[in-house]
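Structural overview for review
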Amino acid sequence: MMNKRREVWIGLVAVKQKNDRKPLGKKFKGACVNVLSWANSISKFKIQVKKAVNEFDLIFDEFQKIERLNDRLKNYKLPSHIIKLAKLAKKNKGTYFDEFYCYTGRKSSAKK
């Protein structure tokens, strides 16, 4: 069985704050953030992102719109800062977070 080729994946992730810790700030319940990671499958992307979320001392909530970066680029023009994060993810074979968009309500505002 051949290994799948590694490439940059992108997805929207919703996170929540832990009750005892507030790395996003005391007034926020959670956040949504675009994440880019060097992976060979959607399942590997999810594992890597969940691990990175945990390292931020946050709780993973849900994934949305996960796809290969090259597929996303076929349909959308992405901002230059996302392209820079993608280059870092590829170069360092890592996981990179865009800006966290925090919310104060009970539910995230991420759209499917």
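From a predicted model like this one, the values you see are computed outputs, not experimental measurements.

Notes on the overall build of the chain
Scanning the chain from terminus to terminus reveals 3 helices and 5 strands. Along the chain, from the amino end to the carboxyl end, the secondary structure elements read β-β-α-β-α-α-β-β. For 112 residues, the compact-globule estimate of 2.2 N^0.38 gives 13 Å, and the chain sits close to it at 14 Å. Taking the principal axes of the C-alpha coordinates as reference, the chain spans close to 45 × 30 × 25 Å.

Concerning the side chain of Arg-72
The residue Arg-72 is located in helix H2 (residues 69-75) in this model. For Arg-72, a relative accessible area of 9% corresponds to the buried category. Within polar-contact distance, the side chain of Arg-72 engages the backbone oxygen of Lys-65 at 2.5 Å.

Notes on helix H3 (residues 80-92)
Here H3 contains 13 residues, and its C-alpha end-to-end distance of 18 Å stays within 8% of the 18 Å for a straight helix at 1.5 Å per residue. All of the buried residues in H3 are Ile-82, Leu-85, Ala-86 and Ala-89. The arc that holds the buried residues of H3, viewed along the axis, is 105°, so those residues lie on one side. Structural note: H3 exposes Ser-80, Lys-84, Lys-87 and Lys-91 on the side pointing more than 90 degrees away from its buried face. Those residues of H3 that are buried lie in contact with strand E1 (7-17), strand E2 (30-39), H2 and strand E4 (95-97). Where H3 ends, the next residue or the one after it, Lys-93, has phi of about 50°, a positive value.

Remarks on the nonpolar core
One recurring pattern in soluble globular proteins is that nonpolar side chains are buried together. Formed by 16 residues in total, the largest nonpolar core has its most connected members in Val-13, Phe-45, Val-49 and Val-53. Contributing elements (two or more residues each) for this core: E1, E2, helix H1 (42-55) and strand E3 (58-68). With near-sequence residues (within four places) excluded, Val-53 lies in contact with Val-13, Val-15, Leu-58, Ile-59, Phe-60 and Phe-97. Membership of the second largest hydrophobic core comes to 10 residues, among which are Ile-10, Ile-82, Ala-86 and Ala-89.

Topic: the environment of Lys-4
Along the chain, the position of Lys-4 falls in the segment before E1. For Lys-4, a relative accessible area of 57% corresponds to the exposed category. Remark: the alpha-carbon pair of Lys-4 and Asn-40, spanning 36 residues in sequence, is separated by 5.5 Å. Ignoring any residue separated from it by four or fewer positions in sequence, one finds Lys-4 in contact with Asn-40 and Ser-41.

What counts, and at which threshold
- Residues numbered from 1 in each chain as written.
- Predicted model: local features only at pLDDT ≥ 70, side-chain atom pairs only at ≥ 80, totals over all residues.
- Heavy atoms only, no water.
- Helix = DSSP H or I, 4+ residues; strand = E, 2+ residues; numbered from the N terminus.
- Rg over C-alpha atoms; globule rule 2.2 N^0.38 Å.
- Buried < 20%, exposed > 50% of the residue type's maximum accessible area, 1.4 Å probe, protein only.
- Polar contact = N/O pair within 3.5 Å; in protein donor to acceptor, adjacent residues only side chain to side chain.
- Expected span 1.5 Å × (residues − 1).
- Arc of directions from axis to C-beta.
- Contact = heavy atoms within 4.5 Å.
- Core = buried A, V, L, I, M, F, W, Y, C linked by side-chain atoms within 4.5 Å.

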